[in-house]
Amino acid sequence: MLAEFGGEPPLASLRRQLAEGRIGRREFLRYAVLVGLAVPEALAEIGAAGTARAALPQGGTLRLGTRVKDIKNPHTYSWGAYDSNVCRQVCEYLTLTDHDNVTHPWLLERWQVSDDLQTWTLALRPGVKWHNGEDFTADQVIWNLRRLTDPAVGSSFLGLVKGYLMREVPDGTGADGKPRTRLVLWDAQAIERVDAHTVRLHCHSPQVAVPEHLFHYPALMLYPGDNGVFGPGAQGTGAFTLTDFEAGKLARVRAVKNYWGEGPQLEAIEFIDLGDDVSAGISALASRQVHGLVDTDPMQYPALHQIPFLQFYQVSTAETAVLRVKLDAKPFDDARVRQAMRLGLDNTEIMQVALRGLGTAGQNVHVAPVQPDYGRVPAVRRDVAQAKQLLADAGYPTGFETTLYLPASPGWLAAACQAAVEQWQEIGLRVKLSVMPGAAYWDVWTKVPFGCTLWYHRPLGVMVLGLAYRAGVPWNETGYANPAFDRLLAEAEGTLDAARRSAVMAELEAMLQADGPMVQPLWRTLFTFMDHAVQGFTMHPSQYVFGNQLALLAG
């Protein structure tokens, strides 16, 4: 908290940390903008200048190979690279985290934060209009924020804000006779309307990452008149409107006139579903059926790298896969079993097999070194003898049999799971893989006792921990509930001092290494290929596509 570094205002603290060499220029830029300094001013403080965009050609339809998932309820999206990539062309966010992990105002013009990091004042950008000509207003922002924080909606946004905007209240008793609770906003004025173009958030505890949370991919600003439902013809503030949609086949968006921001250059974008077969993406790019792929599998790299008219893009990320267990399912309810599972694996070898070296080994902590709040912890080394002893101590001297459920796509998940299964055999774990069609798996991903879950990149580690491991939130698929963990997580979320924050994060990561509910063997280097005709593209660490920034060369 601010008291930990002498009660300094956030910007003064960041300037001191930069001068003392405790944070680098990129971290200063990221957090200075986060607490309210305008991007040009932050760049000036570190002696850098913004990059002017080159003039881009006009016209054309960009065709992208992807999966086309259900898009009906944006506030409950769970596929950042698929469902939200369609919707984000039409509906927009209050903020935007760019490919450098720096968060900017977007539908906001600016924000201000109090010195104690508990009051955030959000000023809307003037002149933004919905496609029907209506002004974008504070009342509409409040409608969206209240819907996102309504437990009945089931948005993963709750996992981010539970620690500072919500509280639990009694809610009767369950069928088992035990008391129940429900989440509500902690105060009637937690989300306050200041005027027609200003919203204020009152937090019950300090929170450094509010602007980052507002770019969580389900946090799209929807038109209240559409009642939370998105489809062809839905209103938005974005550069495109959705004209055609068929799940599993095609989504088409077309440029609108008089867009408030820059662009669009393109006439239209088509998102074409290529299925789970990795060879389909290779064929579609080679034949120029599509101009590029949203999501590229490591198995596609050798073939695509040989095609001369393609441009290669890559970025290091916090995208990963966790082999996670349900903590109320035997034998996974025993911490010794979970620790044996971690000690039974060589994460570097799994990364090499699954990603063909296009990544780095994980440390079973679900916070990545590329995230600025990462705390350094020792890696877990494979120790077969100790893993066997732990299993014996837990009552499984000869190991046990179990089933690991996973989706058929992306293909690298299966490669990672198969590599883990082969290593686990040596400690006595006999694991059968149950590969399910993607649609079927993602209907039950939070319910299976032992499953493999793809987790996308988030700009901050505290965001991942809040979404996945805070007690009682929608995406806590393991049932992990550790009050000490939750208290430390709240402390990390409210700490701006870099050294202190990393120290707290290291404690959280050590908890996950010791008794956490998962194995997390790798971090993925994201990459893709685009036709040289595609202009303005930058690989985003979350695989997000910003159509208003793109263009196509003629011919």
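Please refer to the structure higher up on the page.
Residues numbered from 1 in each chain as written. Predicted model: local features only at pLDDT ≥ 70, side-chain atom pairs only at ≥ 80, totals over all residues. Heavy atoms only, no water.

## Focus: the overall build of the chain
Right, on to step 1. Across its full length, the chain carries 17 helices and 22 strands.
Right, on to step 2. Taking 555 residues into account, the globule formula puts the C-alpha radius of gyration at 24 Å, and the chain, at 23 Å, falls close to it.
Right, on to step 3. Its C-alpha atoms give the chain principal-axis dimensions of roughly 70 × 60 × 55 Å.
Right, on to step 4. Counting the 555 residues in the chain, one finds 59% classified as buried.
Right, on to step 5. Sequence-distant contacts, at least 24 apart, represent 70% of the contacts inside the chain between residues at least 6 apart.
Right, on to step 6. Just so you have it, the chain exposes about 20,900 Å², and 50% of that area is on carbon and sulfur atoms. (Helix = DSSP H or I, 4+ residues; strand = E, 2+ residues; numbered from the N terminus. Rg over C-alpha atoms; globule rule 2.2 N^0.38 Å. Buried < 20%, exposed > 50% of the residue type's maximum accessible area, 1.4 Å probe, protein only. Contact = heavy atoms within 4.5 Å. Areas by Shrake-Rupley, 256 points an atom, 1.4 Å probe, with all protein chains shown as cover.)

## Quick word on the environment of Phe245
Right, on to step 1. Counting through the fold element by element, Phe245 comes out in strand 10 (residues 240–246).
Right, on to step 2. A sequence separation of 174 residues divides Phe245 from Ile71, and the C-alpha atoms of the two residues are 9.0 Å apart.
Right, on to step 3. With near-sequence residues (within four places) excluded, Phe245 lies in contact with Val68, Lys69, Asp70, Ile71, Pro232, Leu250 and Ala251.

## Re the sheet that holds strand 5 (residues 119–124)
Right, on to step 1. Taken in spatial order, the four strands of this open sheet run 4-5-9-8, and their pairing is antiparallel. Because the sheet does not close on itself, it has two edges, and the strands there are strand 4 (108–113) and strand 8 (191–195). The sheet shows a mean angle of 20° between the axes of neighbouring strands, taken without regard to direction.
Right, on to step 2. Sheet analysis places strand 4 next to strand 5, joined by five bridges and oriented antiparallel. Of the residues in strand 5, the one forming a bridge with Arg110 is Ala123.
Right, on to step 3. Sheet strands touched by helix 5 (residues 138–148): strand 5, strand 8 and strand 9 (198–202). Its angle to strand 8, the strand with the most contacts, is close to 175°. (Pairing = 2+ DSSP bridges. Axes fitted to C-alpha atoms, helices over the stretch in contact; angles between N-to-C directions.)

## Section: the packing of helix 15 (residues 461–468) against helix 16 (residues 483–493)
Right, on to step 1. The N-to-C vectors of helix 15 and helix 16 enclose an angle of 145°; their axes lie 10 Å apart at closest approach. For the pair helix 15 and helix 16, the sense of crossing is left-handed. For the pair helix 15 and helix 16, the contacting residues are Val462, Leu465 and Gly466 in the first and Phe485, Leu489, Ala492 and Glu493 in the second. (Left-handed = near helix turned anticlockwise from the far one by under 90°.)

## Regarding helix 5
Right, on to step 1. The element helix 5 is largely enclosed, with a buried count of eight among its eleven residues.
Right, on to step 2. Within helix 5, the full set of buried residues consists of Ala138, Gln140, Val141, Ile142, Asn144, Leu145, Arg147 and Leu148.
Right, on to step 3. Check the buried side of helix 5 and you find it contacts strand 5, helix 6 (157–165), strand 8 and strand 9.

## Remarks on the pattern of salt bridges
Right, on to step 1. The full count for this structure, using the stated rule, is 21 salt bridges.
Right, on to step 2. Put simply, Lys129 and Asp135 hold a salt bridge, and the shortest N to O gap is 2.5 Å.
Right, on to step 3. A salt bridge links Glu426 to Arg382, with the nearest nitrogen and oxygen atoms 3.3 Å apart. Of the two residues, Glu426 is situated in the loop between helix 13 (411–424) and strand 17 (429–436) and Arg382 in the loop between strand 15 (359–361) and helix 12 (384–393); the sequence distance between them amounts to 44 residues. (Salt bridge = Lys/Arg side-chain N within 4 Å of Asp/Glu carboxyl O.)

## A look at unusual backbone geometry
Right, on to step 1. Residue Pro264 is bonded to the preceding Gly263 through a cis peptide linkage, with omega at 0°.
Right, on to step 2. Structurally, the position occupied by Pro264 is in the loop between strand 11 (250–255) and strand 12 (268–273).
Right, on to step 3. A cis amide bond, omega 0°, links Ser409 with the succeeding residue Pro410.
Right, on to step 4. Structurally, Pro410 can be placed in the loop between strand 16 (400–407) and helix 13.
Right, on to step 5. Of note, the phi angle at Asn258 is positive, near 60°, even though the residue is not glycine.
Right, on to step 6. Mapped onto the fold, Asn258 is located in the loop between strand 11 and strand 12.
Right, on to step 7. Taking relative accessible area as the criterion, Asn258 reaches 80% and is therefore assigned exposed.
Right, on to step 8. With phi around 55°, Arg356 is a residue other than glycine that occupies positive phi space.

## Thoughts on the layout of surface pockets
Right, on to step 1. In this structure, the second largest pocket spans a volume of roughly 540 Å³.
Right, on to step 2. Looking at the second largest pocket, it is lined by 23 residues, and the ones nearest its centre are Lys69, Ser78, Trp79, Trp442 and Asp443.
Right, on to step 3. If one sorts the elements of the lining of the second largest pocket by residue count, helix 14 (residues 438–444) sits on top with four residues.
Right, on to step 4. Its residues assigned to classes, the lining of the second largest pocket comprises ten nonpolar, six polar and seven charged. (1 Å grid on protein atoms, 1.4 Å probe; cavity = no way out; pocket = protein on both sides within 12 Å on 5 of 7 lines; lining within 4 Å. Points joined across faces, edges and corners; volume = space filled by probe spheres on them. Nonpolar A, V, L, I, M, F, W, Y, C, P; charged D, E, K, R; others polar.)

## Focus on helix 17 (residues 498–515)
Right, on to step 1. Spanning 18 residues, helix 17 covers 26 Å between terminal C-alpha atoms, matching the ideal 26 Å at 1.5 Å per step.
Right, on to step 2. Ala498, Arg501, Val504, Met505, Ala506, Leu508, Glu509, Met511, Leu512 and Gln513 are the residues of helix 17 that are buried. (Expected span 1.5 Å × (residues − 1).)

## Comments concerning empty space enclosed by the protein
Right, on to step 1. Taken as a whole and assessed by the stated rule, the structure comprises six cavities of 30 Å³ or more.
Right, on to step 2. Space inside the largest cavity adds up to approximately 220 Å³.
Right, on to step 3. Forming the walls of the largest cavity are 19 residues, and the residues nearest its centre are Tyr82, Gly275, Asp295, Gln300 and Ser409.
Right, on to step 4. At the level of elements, strand 1 (61–66) and helix 8 (278–286) are the ones that each hand at least two residues to the lining of the largest cavity.

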